[in-house]
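Chain by chain, the residues run as shown.
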Amino acid sequence: MDIRQKLRDNLARVEERIANACARANRKRSGVTLVAVTKTVSPDLAKLLPELGVYDLGENRPQELWRKAASITDARWHLIGHLQRNKVEKTLPLVTMIHSVDRERLLLEIERQAQRPIDVLLEVNASGELSKSGFNPGEVTSVVSILSTLRQVQVRGLMTMAALQTPEACRPTFILLRELLEKLRAACPKHRLDHLSMGMSNDFEVAIEEGATLIRLGTVLWEGVEA
Ligand SMILES: *Cc1c(COP(=O)(O)O)cnc(C)c1O
């Protein structure tokens, strides 16, 4: 089968699973955005996504995002992985959203460099694994005092990665993130805090059931699609 057709089939199957999860949770499909993660494929393959109607694309490494964004300009790029402060300047003009602001210093550096409003999410280590970066759940509300000082940076919500385990076992992580967002909202009623970026190939249906507005999928899209 040709690769374009295979990708189209994968997208159709994923779309059906997203729709079913939305229906179970009594949510509108329009409240969930698929961010297609292109980190494992070439720019030529990634380019098929906008052609098939998927415009939100995610990369976890800034340099790879720079490379792909240069050749795929009809997409909204999301940075979903670690950002070093010396890569902020070059990344900012290229991205729609940075999901992975994992420390206060990075938040302030983005604010210092941004020439226009930029949407970001705070990454939370909600699963508690030592290998994961992000704010500890207890630190999130301590960011509240900074939020009102930001001019360009719009903190729009929270992001997390669940531990690799059964989807059902990921549920408490997603519930924790949702409850943290509710706390943050209560503490910052003037801010538009409306996004939860959670759910990957392994666990996206549970994430949708628990309120995900952005799901980040790689593996399920590229299965069987070869270069
Ligand atoms: C790779 C990656 C994903 C996608 O993971 P899959 O399991 O392949 O769907 C999502 N989020 C982040 C931060 C990633 O690095």
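Bear in mind the structure is a predicted one, so any value in this text is a computation, not a measurement.

Let us now look at the overall build of the chain. When helices and strands are counted, the chain shows 10 helices and 8 strands. Expressed as a percentage of the 227 residues in the chain, the buried residues total 51%. Taken as a whole, the chain presents about 10800 Å² of accessible surface, with 49% of it coming from carbon and sulfur. Computed over 32 positive and 29 negative side-chain charges, the inter-centroid distance for the chain is 4 Å.

Moving on, we get to helix 8 (residues 167–187). Given a rise of 1.5 Å per residue, 21 residues ought to cover 30 Å, and the 31 Å separating the end C-alpha atoms of helix 8 matches this to within 8%. Buried within helix 8 are the following residues: Cys-170, Arg-171, Thr-173, Phe-174, Leu-177, Leu-180, Leu-181 and Leu-184.

Let us look at the layout of surface pockets. Its volume calculated, the largest pocket comes out at about 500 Å³. Together, 25 residues line the largest pocket, and Lys-39, Ile-80, Met-161, Met-200 and Arg-216 are the ones closest to its centre. Split by residue class, the lining of the largest pocket holds 8 nonpolar, 11 polar and 6 charged.

This brings us to helix 4 (residues 62–71). If you check which residues of helix 4 are buried, you get Pro-62, Glu-64, Leu-65, Trp-66, Lys-68 and Ala-69. Elements in contact with the buried residues of helix 4: helix 2 (43–46), strand 2 (56–59), strand 3 (76–79), helix 5 (88–91) and strand 4 (95–101).

In a soluble, globular protein the nonpolar side chains are often hidden away together inside. With 70 residues, the main nonpolar core has Leu-107, Ile-110 and Leu-158 as its most contacted residues. Ignoring anything within four residues of it in the chain, the contact list for Leu-107 reads Val-101, Val-120, Leu-122, Val-143, Ile-146, Leu-150, Val-153 and Val-155.

All right, on to the site of the ligand then. For the ligand, the full set of nearby residues is Val-37, Lys-39, Asn-60, Ile-80, Met-161, Met-200, Ser-201, Arg-216, Leu-217, Gly-218 and Thr-219. Note that an oxygen atom of the ligand is positioned 2.8 Å from one of the side-chain N or O atoms of Lys-39. Interatomic distance of 2.9 Å between a side-chain N/O atom of Arg-216 and a nitrogen atom of the ligand. Burial of the ligand by the surrounding chains reaches 88%, relative to a free accessible area of 380 Å². When atom positions are compared with the pocket grids, the ligand is found to occupy the largest pocket. A per-class count over the shell around the ligand returns 5 nonpolar, 4 polar and 2 charged.

Attention shifts here to the side chain of Thr-160. As for its placement among the helices and strands, Thr-160 is situated in the loop between strand 6 (153–159) and helix 8. Residue classification places Thr-160 among the buried positions, given a relative accessible area of 0%. Reaching out from Thr-160, the side chain makes a polar contact with the backbone oxygen of Val-124 at a distance of 2.7 Å. Not counting the four nearest positions on each side in its chain, Thr-160 is found in contact with Val-124, Ala-126, Thr-173, Phe-174, Leu-177, Ser-197, Met-198 and Arg-216.

Moving on, we get to the environment of Leu-57. If you trace the backbone, Leu-57 turns up in strand 2. Filtering out sequence-adjacent residues up to four positions away, Leu-57 remains in contact with Val-35, Ala-36, Thr-38, Ala-46, Leu-49, Pro-50, Ile-72, Ala-75, Arg-76, Trp-77 and His-78.

Once that is clear, we can look at the pairing of strand 3. Pairing of strand 2 with strand 3 involves 4 bridges; the strand directions are parallel. Across the sheet, the residue bridging to Gly-58 is His-78, located in strand 3. In the classification by handedness, the crossover that spans strand 2, the intervening helix 4 and the parallel strand 3 is right-handed. Here 3 bridges tie strand 3 to strand 4, and the two strands are oriented parallel to one another. Considered in strand 4, the bridge of Leu-79 is made with Ile-98.

Glancing now at the environment of Asp-56. Topologically, Asp-56 is positioned in strand 2. The spatial distance from the C-alpha of Asp-56 to the C-alpha of His-191 is 24 Å, given a sequence separation of 135 residues. Residue contacts for Asp-56: discarding those within four places in its chain leaves Thr-33, Leu-34, Val-35, Ala-36, Arg-76 and His-78. Here His-78 takes part through its side chain, which lies 2.7 Å from a polar atom of the side chain of Asp-56.

The rules we used
Residues numbered from 1 in each chain as written. Predicted model: local features only at pLDDT ≥ 70, side-chain atom pairs only at ≥ 80, totals over all residues. Heavy atoms only, no water. Helix = DSSP H or I, 4+ residues; strand = E, 2+ residues; numbered from the N terminus. Buried < 20%, exposed > 50% of the residue type's maximum accessible area, 1.4 Å probe, protein only. Areas by Shrake-Rupley, 256 points an atom, 1.4 Å probe, with all protein chains shown as cover. Lys, Arg positive; Asp, Glu negative; His and termini not counted. Charge placed at Lys NZ, Arg CZ, Asp CG, Glu CD. Expected span 1.5 Å × (residues − 1). 1 Å grid on protein atoms, 1.4 Å probe; cavity = no way out; pocket = protein on both sides within 12 Å on 5 of 7 lines; lining within 4 Å. Points joined across faces, edges and corners; volume = space filled by probe spheres on them. Nonpolar A, V, L, I, M, F, W, Y, C, P; charged D, E, K, R; others polar. Contact = heavy atoms within 4.5 Å. Core = buried A, V, L, I, M, F, W, Y, C linked by side-chain atoms within 4.5 Å. Near = heavy atom within 4 Å. Polar contact = N/O pair within 3.5 Å; in protein donor to acceptor, adjacent residues only side chain to side chain. Sits in = over half its atoms within 2 Å of the grid points. Pairing = 2+ DSSP bridges. Right-handed = clockwise from strand over helix to strand, strands pointing away.

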